[in-house]
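Fold and geometry: a report
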Amino acid sequence: MNVGFIGLGNVGGKLAGSILRNGFELTVLDLDENLMAKFVSNGAKRGESPRQLAETCDVVITCLPSPAACAAVVEGPDGILEGIGPGTVWAEMSTTDASEVKRLAGLAIAKGGEAIECPVSGGCHRAATGNISIFAGCSRETFEKALPFLTVLGRRVLHTGEIGSASVLKVVTNYLATANLVSVCEALTTCKAAGMDLNTAYEAIKISSGTSFVHETEGQVILNGSRDISFTMDLVAKDIGLFQAIAETHEVPLELSPLLNKIFADGIERYGPRELSPNIIKRLEEDTGLTILGDGFPAEMADDEPEEPGYEVVANRAQSVAAE
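Read on for a plain summary of the structure. (Residues numbered from 1 in each chain as written. Predicted model: local features only at pLDDT ≥ 70, side-chain atom pairs only at ≥ 80, totals over all residues. Heavy atoms only, no water.)

1. Some words on the pairing of strand 5 (residues 89-92)
- Side chains V89 and A91 project from strand 5 onto one buried face, and the interleaved W90 and E92 project onto a second face that is buried too.
- Pairing geometry for strand 4 (residues 59-62) and strand 5, over 4 bridges, is parallel. Counted as the bridge partner of V60 is W90 from strand 5.
- For the segment spanning strand 4, helix 4 (residues 67-75) and strand 5, crossover handedness is right-handed.
- Here strand 5 runs beside strand 6 (residues 114-117); their pairing, made up of 4 bridges, is parallel. Considered in strand 6, the bridge of W90 is made with A115.
- Assessed by its sense of winding, the connection that carries the chain from strand 5 through helix 5 (residues 98-110) to strand 6 is right-handed. (Buried < 20%, exposed > 50% of the residue type's maximum accessible area, 1.4 Å probe, protein only. Helix = DSSP H or I, 4+ residues; strand = E, 2+ residues; numbered from the N terminus. Pairing = 2+ DSSP bridges. Right-handed = clockwise from strand over helix to strand, strands pointing away.)

Dropping the structure here:
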């Protein structure tokens, strides 16, 4: 299978690395020539345009920072739509707006191609090892066609339903991660203010009902002081803004979500949009005069799971079927 990959940033570069590492023929494209050069030096081909990738590859993957960037690559001059046709799959791996990905997918399908949205979840450290989780929204036929490369990109692959469903679920999970992050920041700051040893506090939370994926990953880089989780405040704001928009569209009267949006808007105003997202704790550090640091925590997260072949996760429907 010949795979084209557009977008070699923090997440995309690691996903593309999994494709190359596992023996697929890979063609890469990015605005940053240096990022492309690294892949070319390791055996990838240098792409010329999104159109050229769609004309020459079996699968074209996009992993871009915004819906606008994705739209430009898909339907702009020399875009994917100008080259896609029967037998070619466009796979969108960004976190994006469900209605926008449905619109673009419809255009790709109208040209005879196939489309799948497959955002990832689990952190850059798991993207690097092929152990990240993937949500896949598309027809079942397209999903089965895509599964061989999706299980190289990720460990756990869930078919979420039709196009649009994966984007909704990805935004939901990023919203939950943001709520976890803010609560971890508040918990650690409160422990420090109460005179607790933060290494002990970290372990107490980790072995308790209060633990979470965010605590066990972002909590460590917060306590290290690097706050480097390869994710920035503007990206958090985009994701939780998308979640808020979904809720408003469906008239769900949320209370926590507007507050999270306000917190990150303030963080961006204070520290800039490209500030690392765990540094949202700086608001509390500044307001309390405390420094939230521990001893012996890593500056970056590394995946402790060995790289293994991925598999499809199947939703449990036994109880609902029995109830019927």
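2. Some points on the packing of helix 4 against helix 5
- Their axes nearest at 11 Å, the elements helix 4 and helix 5 cross at an angle of 5°. One way to sum up the angle between helix 4 and helix 5 is to call them roughly parallel. Seen from helix 4, the contacting residues are P67, C70, A71, V74 and E75; seen from helix 5, they are E100, R103, L104 and L107. (Axes fitted to C-alpha atoms, helices over the stretch in contact; angles between N-to-C directions. Parallel < 35°, antiparallel > 145°, perpendicular 65-115°, else oblique. Contact = heavy atoms within 4.5 Å.)

3. Re the pattern of salt bridges
- According to the stated counting rule, one finds 23 salt bridges in the structure shown.
- Here E75 and R103 are joined by a salt bridge, their closest N and O atoms 2.7 Å apart. One end of the pair, E75, is in helix 4; the other, R103, is in helix 5, and 28 residues separate them in sequence.
- On the basis of relative accessibility, which here comes to 37%, the residue E75 falls in the partly exposed class.
- One salt-bridge network, in which partners are shared between bridges, spans R126, R155, R156, D303, E305 and E308. (Salt bridge = Lys/Arg side-chain N within 4 Å of Asp/Glu carboxyl O.)

4. Notes on helix 8 (residues 165-193)
- With 29 residues, helix 8 ought to run about 42 Å at 1.5 Å a step, and its terminal C-alpha atoms sit 42 Å apart, in line with that.
- Backbone geometry just downstream of helix 8 places G195 in the positive-phi region, at approximately 85°. (Expected span 1.5 Å × (residues − 1).)

5. A few points about the nonpolar core
- With 55 residues, the main nonpolar core has L26, W90, F149 and L150 as its most contacted residues.
- Of the residues forming this core, the biggest block, 6 residues, is contributed by helix 7 (residues 140-153).
- When near neighbours in sequence (up to four residues on either side) are disregarded, L150 contacts I116, C118, I134, A136, F143 and V157.
- Within the second largest apolar cluster, 28 residues are counted, among which are C185, I222, Y271 and I280. (Core = buried A, V, L, I, M, F, W, Y, C linked by side-chain atoms within 4.5 Å.)

6. With respect to the packing of helix 9 (residues 198-206) against helix 10 (residues 213-224)
- Where helix 9 contacts helix 10, the two axes come as close as 11 Å, and the packing angle between them is 175°. Taken as axis vectors, helix 9 and helix 10 run roughly antiparallel relative to one another. Two secondary-structure elements touch here, helix 9 through L198, Y202, I205 and K206 and helix 10 through H215, E216, G219, Q220 and L223.

7. What to know about the environment of E269
- Looking at the element boundaries, E269 is found in helix 12 (residues 256-271).
- Measuring from C-alpha to C-alpha, the distance between E269 and T291 comes to 21 Å, with 22 residues separating the pair along the chain.

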